[in-house]
Amino acid sequence: EEILSNDSSILFMMKKNVIVFDLDDTLVDGQAFCGEVMVRTITKYQHDINRNSILAHHDSVRGRTIVDLYESAKKKFGLTTTVKELVETDADIMLRDCYKITPFEGVRETLKHLRAKDKKLVICTNRKSDSLIAILKHNNLLHYFDEVISCVDAGYEKPDPKCLNDLVKRSGLSRENFLYFGDSEKDYRFAKNAGVECMIFDQYLNGGQLFVNLNMSFLQADI
């Protein structure tokens, strides 16, 4: 994983013209809330499943698409409910309560700094557009981004590089101008499949302070 609290990483990032971000567990802290949504979804249909078992399963498959999450949960817990019903219930809960998902500390300051340096900022994620836009609007983050892309809604979920390849093509820039920020192996493969350099990190191993450290590095490097 790339550690972003040193000048060399900052200088590397500042050479890029387009910074592309994943959303969940990268910019916003969705781990606990999304686990709770899975608990509420599954127990709606099967009340006797232990919530801690559901949370443990959610953490073990973090980074997958919503369909993958519930296909694996259906198999693990022997659910008779269809994946379609589970996904729709999850989406309803998520959209209604997504205000509970908040940015990691330092995210807003980092985005503001990058915009001041004339960087083009993009979100490219597997989250569906309805809750994606709702989260960004609720947290007053939407205006920082030039584009917001749901790979799932486009029909090419990560690590399929279609959405990132199309973004590069629309920009008219070479791939060397792009940098992808993510938090999972799927994000790594997504970027590599598109021939785009990436920085992959775990916010939770970094105590959710990665962007705080990033801002400190901006100041120290005076850029």
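Please refer to the structure placed before this passage.
Residues numbered from 1 in each chain as written. Predicted model: local features only at pLDDT ≥ 70, side-chain atom pairs only at ≥ 80, totals over all residues. Heavy atoms only, no water.

Visitor: Explain the overall build of the chain to me, please; I cannot follow it from the model alone.
Guide: Along the chain, the regular secondary structure elements total 11 helices and seven strands. The globule rule puts the C-alpha radius of gyration for 223 residues at 17 Å, and the 18 Å found for the chain is close to it. Across its three principal directions, the C-alpha atoms of the chain cover 55 × 35 × 30 Å. Considering the chain as a whole, with its 223 residues, one finds that 50% of them fall into the buried category. (Helix = DSSP H or I, 4+ residues; strand = E, 2+ residues; numbered from the N terminus. Rg over C-alpha atoms; globule rule 2.2 N^0.38 Å. Buried < 20%, exposed > 50% of the residue type's maximum accessible area, 1.4 Å probe, protein only.)

Visitor: Would you explain the nonpolar core in this entry?
Guide: Side chains of a nonpolar character, in soluble globular proteins, are inclined to be buried together. Among the nonpolar cores identified, the biggest contains 35 residues, and M13, F21, L27 and F145 are the most heavily contacted of them. When near neighbours in sequence (up to four residues on either side) are disregarded, M13 contacts I19, L114, K119, L179, F181, L214 and F218. Core analysis: the second largest hydrophobic core is formed by 18 residues, F178, Y180, F190 and V196 among them. (Core = buried A, V, L, I, M, F, W, Y, C linked by side-chain atoms within 4.5 Å. Contact = heavy atoms within 4.5 Å.)

Visitor: Whenever I open this one, the sheet that holds strand β6 (residues 178-182) confuses me. Can you help?
Guide: Where strands meet in a sheet, backbone hydrogen bonds hold them as pairs that are either parallel or antiparallel. In spatial order, the strands read β5-β4-β1-β6-β7; together these five strands make up an open sheet with parallel pairing. Edge positions in the sheet fall to β5 (147-150) and β7 (197-200), since each has one partner strand and no second. Direction aside, the axes of adjacent strands within the sheet are offset by 20 degrees on average. Direction of pairing for β6 relative to β7: parallel, over a ladder of four bridges. Counted as the bridge partner of L179 is E197 from β7. (Pairing = 2+ DSSP bridges. Axes fitted to C-alpha atoms, helices over the stretch in contact; angles between N-to-C directions.)

Visitor: How do you make sense of the pairing of β5 when you look at a structure like this?
Guide: Side-chain direction in a regular strand flips from residue to residue, so the side chains alternate between the two faces of the sheet. Relative to β5, strand β4 (residues 120-125) runs parallel, the two being bridged by four bridges. Bridge assignment links I123 to a residue of β5, and that residue is V148. Where the polypeptide runs from β4 across helix α7 (residues 129-138) and back to β5, its parallel neighbour, the crossover connection is right-handed. (Right-handed = clockwise from strand over helix to strand, strands pointing away.)

Visitor: Mind showing me how you'd approach the packing of aromatic side chains here?
Guide: In total, this model carries six aromatic pairs according to the counting rule given. Between the aromatic rings of F21 and F145, the centroid separation amounts to 6.4 Å while the plane-to-plane angle is 85 degrees, which identifies the pairing as edge-to-face. Separated by 124 residues along the polypeptide, F21 in strand β1 (residues 18-21) and F145 in the loop between α7 and β5 bring together distant segments of the chain. Classification of F145 as buried rests on a relative accessible area of 9%. Centre to centre, the rings of F181 and F201 are 6.0 Å apart; their planes meet at 70 degrees, and the pair counts as edge-to-face. (Phe/Tyr/Trp six-rings, centres within 6.5 Å; stacked < 30°, edge-to-face > 60°.)

Visitor: Explanation requested: the state of the cysteines in the structure shown.
Guide: By definition, a disulfide links two cysteine residues through a covalent bond between their sulfur atoms. For the structure on display, the rule yields zero disulfides. Its sulfur unpaired, C98 is 10 Å from the next cysteine sulfur, which belongs to C34. Among the cysteines around C198, which has no disulfide bond, C124 carries the closest sulfur, lying 13 Å off. (Disulfide = S-S within 2.5 Å.)

Visitor: Explain the packing of helix α2 (residues 31-45) against helix α4 (residues 66-77) to me, please; I cannot follow it from the model alone.
Guide: Two measures define how a pair of helices packs: the angle their axes make with one another and the distance between the axes. Two elements in contact, α2 and α4, have axes whose closest approach is 12 Å; the angle formed by their N-to-C orientations is 55 degrees. Judged by the inter-axis angle, α2 sits oblique to α4. The handedness of the crossing between α2 and α4 is right-handed. When α2 is examined against α4, the residues V37, M38, T41 and I42 are found in contact with a partner set consisting of L69, Y70, A73 and F77. (Parallel < 35°, antiparallel > 145°, perpendicular 65-115°, else oblique. Left-handed = near helix turned anticlockwise from the far one by under 90°.)

Visitor: It is not clear to me how the side chain of T41 should be interpreted in this structure. Could you clarify?
Guide: Locating T41 in the fold gives a position in helix α2. Residue classification places T41 among the buried positions, given a relative accessible area of 0%. From its side chain, T41 meets the backbone oxygen of V37 in a polar contact 2.8 Å long. Excluding residues within four positions of it along the chain, T41 makes contact with Y70, L86, T89, D90 and I93. (Polar contact = N/O pair within 3.5 Å; in protein donor to acceptor, adjacent residues only side chain to side chain.)

Visitor: How should the packing of α2 against helix α3 (residues 51-60) be read in this particular structure?
Guide: Interaxial distance between α2 and α3 falls to 9 Å at its minimum, and their mutual angle equals 130 degrees. Classified by the angle their axes make, α2 and α3 are oblique. Once α2 is placed against α3, the crossing between them reads as right-handed. Residues Q31, C34, G35, E36, M38, V39, I42 and T43 of α2 touch α3, and the partners they reach there are R51, I54, L55, H57, H58 and D59. Within the contact of α2 with α3, the residues separate by chemical class into six nonpolar, five polar and three charged. (Nonpolar A, V, L, I, M, F, W, Y, C, P; charged D, E, K, R; others polar.)

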